[in-house]
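# Residue-level structure breakdown
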Amino acid sequence: MASPDLLALAVTLKMAALTTVILLLIGTPLAWFLAKMTSRFKVIIEAIVALPLVLPPTVLGFYLLIAFSPQHLPGKIWQQATGQQLAFSFSAIVIGSVLYSLPFVVQPLQKAFEQLGDSLLEAGSMLGAGPIDRFFTIVLPLTKTSFITAASLGFAHTVGEFGVILMIGGNIPGETRVLSIALFDHVEAFDYAKAHVLAISLLVGSMILLGCVYLLNLPRRITRKTS
Amino acid sequence: MTILSLNINLRYKTFDLKINQALDLTGITGVFGRSGSGKSTLLRAIAGLEKKITGSIVFHEKILIDTTQNLCVKPEKRNISLVFQDSRLFGHLTVRDNLKYAAKRCVNSQLNFADILTLTELDDLADASVNDLSSGQKQRVALARALLTEPKLLLLDEPLSALDQVSKTKLLNLIVKIQQQLKLPILYVSHSVDELQQVCDSMLILSQGKVINYGNIHHTIHQLNFISNSLPSEHLIHQQTSLSLPITNTDNGQGLMVLALVEQEILLPRLPGEFTHNQQLRCFILASDISICLSEPQNSTIVNHLSGTINAIESSSIDESTHSVLVTVVCSGQEFFVHISTYSQLKLALCINKPVYLQFKAGAVRTYLY
């Protein structure tokens, strides 16, 4: 792999790792809130969270680009706080990735929390465990595989992102040039050999990651079948 | 004396739970009612798991909830433990770790972990996965886990409902043993009056979310006889005489155990297990198992004959077509309830204050535990 591509790989991994961490931090309470919510507004929030699944990435990217520009409030606040422009920055592609991969993390977690129900949490409270204690000692161990699934899907989806990043990050080497954009550049330049290396690396990487996720869920699915 | 004052309201799907009652929680207090009468909801309200209740609950002079003052102690801070019908053990932990979960969170721990393990007969199962346990074993773990939180009040929500008869007997004995050893007030919910009759000191009866009776266990069961008589469609209980009598002879040499009823005796088949002289035995006799004679039967295979006087004759006020009456006969100060047909009542000209003899077989004296 050529050094600009290695730089793109480093940016991609850094972006995906940071995005996954942020997604878990934001997605977990959001999924919990949705799982426990009984109000009719639940469907509206669920639809908003699921929107990136159907929305063309360029549409999301377009609106984010406008929002991140210094002329608009989010971009203006960012610039005042950091002294740097938000659009076409690494931070912009991380924010964009968080929004774009949100359903891949929230949905598996919400489903897991709904399946877990309240009964074991009530049992925990009867044993003197407070809400945070119950989350770390009951919820987390029992939904561990869903957390791994959510993190893996969020990570893999972020790695493969193209449209949103192109719209809000552009193609700045070492800053916003990620693997999928580097691949697009090679194809545009008819450098198919380099494109192949990147494409096959992304393909194999994604396969391995998904394989691990399914392998992790395998014992549970088999147990369910036999029981 | 541990007092639990309840003044609560809860609008429920099918009825309104409305309870205003002070309970003296000495020993084991039973909560009895048909399915959907509000028994489990009441326990959940005391435990703090029912969020929508209004009113107040005061336990041992400590306010657990008072909605007029916007005061509500969180379930985990109430020092009350609830054993659920479905055990609710943590599947990702072993038996030992489930128990340690409770022990670790207990402030001012006094109980010895190993002692509780032995008391609940879980020594051999400590390292087993909870997913490999039988229903009875799971409930023993749930009980041990609740005890290790060292609660001031233990709530049991139909803990025996999923168990077979052998496991039920074992767990009931265990509950009695725990109560006696730890002197822990227990509120025990069940829809089986037989279970409650064996272990409870007092009983609260709920119907459609309201208290219809509360008091001494034998007295409330006897009150249920009349409620069942006037409301046969409710099918509350089999009408019965509930007794707690001292054992005077554990085996009379003929395979019978002898109980003292002041100067009279009641015989029943010898029970398995260890019994001591003068130990109180809980037993009951169904009203349909007793018959009435005007003179003492001399030549009968029926071994129990008690002399007494008719105290009341109650006919079913709703369903006249049953042609039956519930006769209350007092023998040596103890009320007995006899279910007879109006035909027999007329034939023997039974009336209040008439001296009679009751007769019933030894096998009609039943105990749920043995």
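Residues numbered from 1 in each chain as written. Chains lettered and ligands numbered in written order. Predicted model: local features only at pLDDT ≥ 70, side-chain atom pairs only at ≥ 80, totals over all residues. Heavy atoms only, no water.

## Digging into unusual backbone geometry
Residues and elements named next belong to chain B.
- Positive phi, close to 55°, is recorded for His60, a residue that is not glycine.
- Note on placement: His60 falls in the loop between β4 (54-59) and β5 (62-66).
- When its relative accessible area of 47% is taken as the criterion, His60 is described as partly exposed.
- Even without being glycine, Val262 reaches a positive phi, approximately 50°.
- Tracing the backbone shows Val262 in the loop between β13 (256-261) and β14 (264-269).
- Residue Val262 is classed as exposed on the basis of its relative accessible area of 65%. (Helix = DSSP H or I, 4+ residues; strand = E, 2+ residues; numbered from the N terminus. Buried < 20%, exposed > 50% of the residue type's maximum accessible area, 1.4 Å probe, protein only.)

## With respect to the pattern of salt bridges
- Throughout the structure, instances matching the rule amount to 17 salt bridges over all chains.
- Notably, a salt bridge pairs Arg44(B) with Glu122(A), separated by 2.8 Å at the nearest N-O pair. Highlighted residues: Arg44(B) in helix α1 (residues 39-47) and Glu122(A) in helix α6 (residues 119-126), drawn from two different chains.
- On the basis of relative accessibility, which here comes to 19%, the residue Arg44(B) falls in the buried class.
- Of the charged contacts in the structure, one is a salt bridge between Glu122(A) and Arg88(B), with a shortest N-O distance of 2.8 Å. Residue Glu122(A) is found in helix α6, and its partner Arg88(B) is found in the loop between β7 (80-83) and α2 (95-104); the two belong to separate chains. Here Glu122(A) and Arg88(B) have matching classes, each one buried.
- When salt bridges with common partners are traced through the structure, they connect Glu122(A), Arg44(B), Glu50(B), Asp86(B) and Arg88(B) into a single cluster. (Salt bridge = Lys/Arg side-chain N within 4 Å of Asp/Glu carboxyl O.)

## Topic: the environment of Thr12(A)
- With respect to the helices and strands, the residue Thr12(A) is situated in helix α1 (residues 3-36).
- Residues Thr12(A) and Gly96(A), 84 residues apart in the sequence, show an inter-C-alpha distance of 13 Å.

## Remarks on the sheet that holds strand β10 (residues 202-207) of chain B
Residue and element names in this part refer to chain B.
- Here we have six strands laid out as an open sheet, ordered β7-β8-β9-β3-β10-β11, and mixed in their pairing. Pairing within the sheet leaves two strands with one partner each, and these edge strands are β7 and β11 (210-216). Direction aside, the axes of adjacent strands within the sheet are offset by 15° on average.
- Where strand β8 (residues 153-157) lies against strand β9 (residues 186-190), four bridges are found, and the strand directions are parallel. Bridge pairing in β9 links Leu156 to Tyr188.
- On top of the sheet, helix α4 (residues 135-147) reaches β7 and β8; it is set at about 175° to β7, its chief contact. (Pairing = 2+ DSSP bridges. Axes fitted to C-alpha atoms, helices over the stretch in contact; angles between N-to-C directions. Contact = heavy atoms within 4.5 Å.)

## Concerning the side chain of Thr176(A)
- Topologically, Thr176(A) is positioned in the loop between α9 (163-169) and α10 (179-188).
- When neighbours within four sequence positions are excluded, Thr176(A) is seen to be in contact with Phe88(A), Ser89(A), Phe90(A), Ile93(A), Ile165(A), Gly169(A), Gly170(A), Asn171(A) and Ile181(A).

## Quick notes on the pairing of β9(B)
All names here are of chain B.
- The element β9 is largely enclosed, with a buried count of five among its five residues.
- The alternating pattern of β9 places Ile186, Tyr188 and Ser190 on one face and Leu187 and Val189 on the opposite face, and all of these are buried.
- Sheet topology note: the strand β3 (residues 28-32)/β9 ladder contains five bridges and is parallel. Each residue of the ladder has a partner; that of Ile28, found in β9, is Ile186.
- Assessed by its sense of winding, the connection that carries the chain from β8 through helix α5 (residues 165-182) to β9 is right-handed. (Right-handed = clockwise from strand over helix to strand, strands pointing away.)

## Things to note about the packing of α6(A) against helix α7 (residues 131-142) of chain A
Residues and elements named next belong to chain A.
- Two numbers describe how α6 lies on α7: the axes approach to 10 Å, and their chain directions differ by 150°. As judged from the angle between their axes, α6 and α7 are roughly antiparallel. The hand of the α6/α7 crossing is right-handed. Contacts from Leu120, Leu121, Gly124 and Ser125 in α6 reach Arg134, Ile138, Val139 and Leu142 in α7. (Parallel < 35°, antiparallel > 145°, perpendicular 65-115°, else oblique. Left-handed = near helix turned anticlockwise from the far one by under 90°.)

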